Amino acid sequence: MRSIKWKLVLLYLVIIFVVMLLSGIYIIVQTQNNEMKKAKNELEQYATRIQEQVLESYDGEENFQQAFRKTLLTSASLQGNILNEKGETIATTVSSVKPYPNYKYSVIISAMTGAPAFSTGKIGVDNQGFLREWLSYATPVSVDGKIKYIIFVRMDTKNIKDGIQQTKITIFTALIFTLVAASVLSYIFARTLTEPIIILTRRARDLARGHLNQVIPVKSDDEVGQLTGNFNYMAKELNRTIESMTREKSKLEAVLHNMADGVLAFDYNRNLIHANQMSKEFLEFSDMNLSFQELAEKTGVNEEEVYMLLPEETKETTFAIEDRYINASFAPYTNNENIIDGIVVVLQDITKHKILEEMRKEFVANVSHELRTPLATIKSYSETLMNGAIDEREIAADFLKIINSEVDRMTFIVKDLLQLSRLDSRQTSFDKKEVVLNDLLEENTNKNRILAANKNQLLIYIAPKATMTVEVDAQRINQVLNNIITNAYKYSPEGTLVKVSTEETDKYYKVHIKDNGIGIPKEHQKRIFERFYRVDKARSREMGGTGLGLSIAKEIMTEHGGNITVESEQDKGTIMTLHFPKYVK
Ligand code: ADP
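Below is a short write-up of the structure. From a predicted model like this one, the values you see are computed outputs, not experimental measurements.

Here is what the cut-offs are and how they apply
- Residues numbered from 1 in each chain as written.
- Predicted model: local features only at pLDDT ≥ 70, side-chain atom pairs only at ≥ 80, totals over all residues.
- Heavy atoms only, no water.
- Helix = DSSP H or I, 4+ residues; strand = E, 2+ residues; numbered from the N terminus.
- Near = heavy atom within 4 Å.
- Polar contact = N/O pair within 3.5 Å; in protein donor to acceptor, adjacent residues only side chain to side chain.
- Areas by Shrake-Rupley, 256 points an atom, 1.4 Å probe, with all protein chains shown as cover.
- Pairing = 2+ DSSP bridges.
- Axes fitted to C-alpha atoms, helices over the stretch in contact; angles between N-to-C directions.
- Buried < 20%, exposed > 50% of the residue type's maximum accessible area, 1.4 Å probe, protein only.
- Contact = heavy atoms within 4.5 Å.
- Core = buried A, V, L, I, M, F, W, Y, C linked by side-chain atoms within 4.5 Å.

Turning next to unusual backbone geometry. The phi dihedral of Asp287 falls on the positive side, at around 50°, and the residue is not glycine. Tracing the sequence through the fold places Asp287 in the loop between α6 (277-283) and α7 (292-299). One non-glycine residue, Phe532, lies in positive phi territory at about 65°. Mapping Phe532 onto the fold places it in the loop between α13 (522-525) and α14 (537-542).

Next up on the list: the site of the ligand. Near the ligand there are 22 residues, and of these Asn487, Tyr491, Ser540, Gly547 and Leu550 occur at the shortest range. The contact in question runs from an oxygen atom of the ligand to an N or O atom on the backbone of Thr546, over 3.0 Å. Considering the ligand on its own, with 530 Å² of exposed area, one finds that the protein chains cover 97% of that surface. Looking at the shell around the ligand, the elements with two or more residues in it are α12 (474-490), α15 (549-559) and β17 (573-581).

Strands sit in the order β7-β6-β10-β9-β8 across an open sheet of five strands; the sheet is antiparallel. Of all the strands in the sheet, just β7 (272-275) and β8 (315-321) have a single pairing partner and so form its edges. Across this sheet, the average inter-strand angle for adjacent strands is 20°, counted without regard to direction. Bridge analysis of strand β9 (residues 324-334) against strand β10 (residues 340-349) gives nine bridges, and the strand direction is antiparallel. Counted as the bridge partner of Pro332 is Ile343 from β10.

The next thing to look at is the side chain of Arg409. Within the element layout of this structure, Arg409 appears in helix α10 (residues 393-424). When its relative accessible area of 11% is taken as the criterion, Arg409 is described as buried. At a separation of 3.4 Å, a polar atom in the side chain of Arg409 contacts the side chain of Glu370. The contact partners of Arg409, leaving out residues within four places of it in the chain, are Glu370, Arg534, Arg541, Gly544 and Gly545.

Core analysis: the biggest nonpolar cluster contains 44 residues, and Leu437, Ile513, Leu578 and Phe580 have the highest contact counts within it. The residues touching Phe580, leaving out its near neighbours within four places in the chain, are Leu437, Val470, Val472, Ile477, Lys507, Tyr508, Tyr509, Val511 and Met557. Counting 25 residues, the second-largest nonpolar core is a separate cluster that includes Leu72, Ile82, Val153 and Ile171.

Attention shifts here to the environment of Thr178. Following the sequence through the fold, Thr178 ends up in helix α4 (residues 158-208). Sequence separation between Thr178 and Ile82 is 96 residues; the distance between their C-alpha atoms is 51 Å. If near-sequence neighbours (up to four positions away) are discounted, Thr178 is found in contact with Ile16 and Met20. A polar contact is formed between the side chain of Thr178 and the backbone oxygen of Ala174, at a distance of 2.4 Å.

This brings us to the pairing of strand β4 (residues 131-143). Looking down a regular strand, the side chains alternate between one sheet face and the other. With ten bridges joining them, β4 and strand β5 (residues 146-156) adopt antiparallel strand pairing. For Pro140, the partnering residue across the bridge sits in β5 and is Ile150. As consecutive antiparallel partners, β4 and β5 are separated by two residues, and within that stretch Asp144 has a phi angle of approximately 55°, a positive value.

Okay, here's the thing in C-alpha cells:
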C-alpha cells in the first residue's frame, strides 16, 4: 500500500464509490418521492371518484354497499371506505357484509375536523387478512356546509417499496460492476502513470550503486517524460564528472605513488587518510597503521603545535631513522571556506645531502691537514736554516732537499685536487677515440716493469689473443692504468708478483690487476675510492701517495661509462678490475 500505484487505485475507487453512493441515494430518494407523489395523486383521484361516482347516489345502506363494491372494488391493494360524520363505516370495499371495519386513524380524525390528510407506514390487514403497509388518505365531504361523510382510502405501498428496492438493487449492482471495472481500469491507468516513475526509481538506485551508463528511453513529453530526460542528462553529466575525477585521481595517485618523496595526509581528527609508498618506506609502517601521535614521536614535532598552524604556514624538521636523514615538512590544508581541514606531511630523504655536506666538511679538513703537514715541515726547516744551519753546507743541502720534496708533495696534491675539481665541474674535456686497449696495457706494463723490478718485483702482462677495441681518452686511461699498477706494487712487499690479465664479457672488456700484497681489509674496501681515504695514512704518505689517485681513477672510468671494482683479502693480495664498455661501431 506504500506504492503510489495502489494509492491511486484506492483513491479512484473511493471517489467512484462516494460519487456512486451519493448519486444512488439521490436517485433512490428522488424515486421514492416521485412514487409517493404518484401514489398520493392516485389516492386523491380515487377519493374524488368515490365522491363523484358513488357518494351522490347514496340512498340507503344495503344497496349502496352493493353498488359501491361493484363500482369500486379494484384490487386487494387499494381500499375505499365511506364513513359518516361520526366516523362509522357506512360503505367499504374491504368487506361485503357487516360488520364493516371500524377505523380510528389520525387521518380520519383530521378529516373530521375538515382537513384532508395523508398517512404513511400504517400496518394493517387487507381483505384476505394479509399484513400490509398502507398509504392512507382521508378527506371530508361536506353537504350544505357541514361535514357529512369522510372518504377514507388507502393503498398498499408494497409495489412502491418493491420498485424502490429494485432500484436499490440495480444501483448496488451497478456500483459493484463500476467498482470492479474501475479497479481494473484505474490499475491500468495507475500503472501507466507510475511505470516510468518505477523505472526512474530503479535507475536512480543503479546510479547510486555506480552504474552510470544506462539511458532510460523517453516515451512521452509530459512531466514524467521531461523528468526522465533530465534524469538521463543528470546521469550523463555525473558520469562525465566522475570519469574526469577518477582520471584526475588516478593521475594524482600515480604521481604520489611514484614520487621519491613521502606524502601523508591527516584529517582534522588526526586520522591518516593518505599515505604513499615512499612514506611507508621512510617511516616503516604498513597499510594505514600510523597515528599522528606516532608520526609526531618519530619526527620529534609537537602534535598540538602542528594542528595550530595557520593556512600557508609550514613547520619543518629533520629526523634520523635507521641510517637515513629525513626532512619532514608539515603544512595545513583548507576546505572551500578556508578553514583548516587537516595536515599534509611531505617527507624528503636528505641522506645524500647530509653525506655530501659531511664529505665536504671532511674534504676541507683533509685538504687543510694534507697541506699543513708539508707546510709545517718547510717552515721548521727554513727556520732552522735561517737560524744558522745555512752555514753548514751539508746540512743546508739536506734541508733544502727536504723542503723541495715537501713542495713537490704539495704540488702533487694541488695538481690532483685541481684535476678532481675539473672533473667535478665537468671542465675536463675527454678526447675519446677508438683505441686498442691491448696497446695501452702493453705500454703501461712495460713502463712499470722497470720500476717494479727496482723493488725486486715481477710485473707480468698476459696479453689476450683478441683485439680489445674501446673508445677512450688514451691519456686519461693511461693515468688510470698507471695509478692502479703503481698501487699494486707499491702496496706489496719485495719479491712479489703483479699480474695484469684481461677478460671479455658480453658488454665489457675487463682488466684485472692482481698483486700478492698487503691487501685491503673488508671494512675499508668500500671507502678507498673516497678522496684522501687511505687505509694506512703514514704508509701511503711515506710512499708519496696523496690518497686521491683512486678517486680520480674512478671518476675517469665513470666518465667512460665503465667502473673500477675491488676484491681483496688482508695480507693475501688485491685484485683491482677495470671495466671498459666494448666499442660498437
Ligand atoms: P694513495 O695515493 O694513498 O695510493 P689511492 O687513492 O691510490 O691513494 O689509494 C687509496 C688507498 O687504497 C691507499 O692509501 C691504500 O691504502 C689502498 N690501496 C690502493 N691500492 C691498493 C693495493 N693494490 N693494495 C693494498 N692497498 C691498496
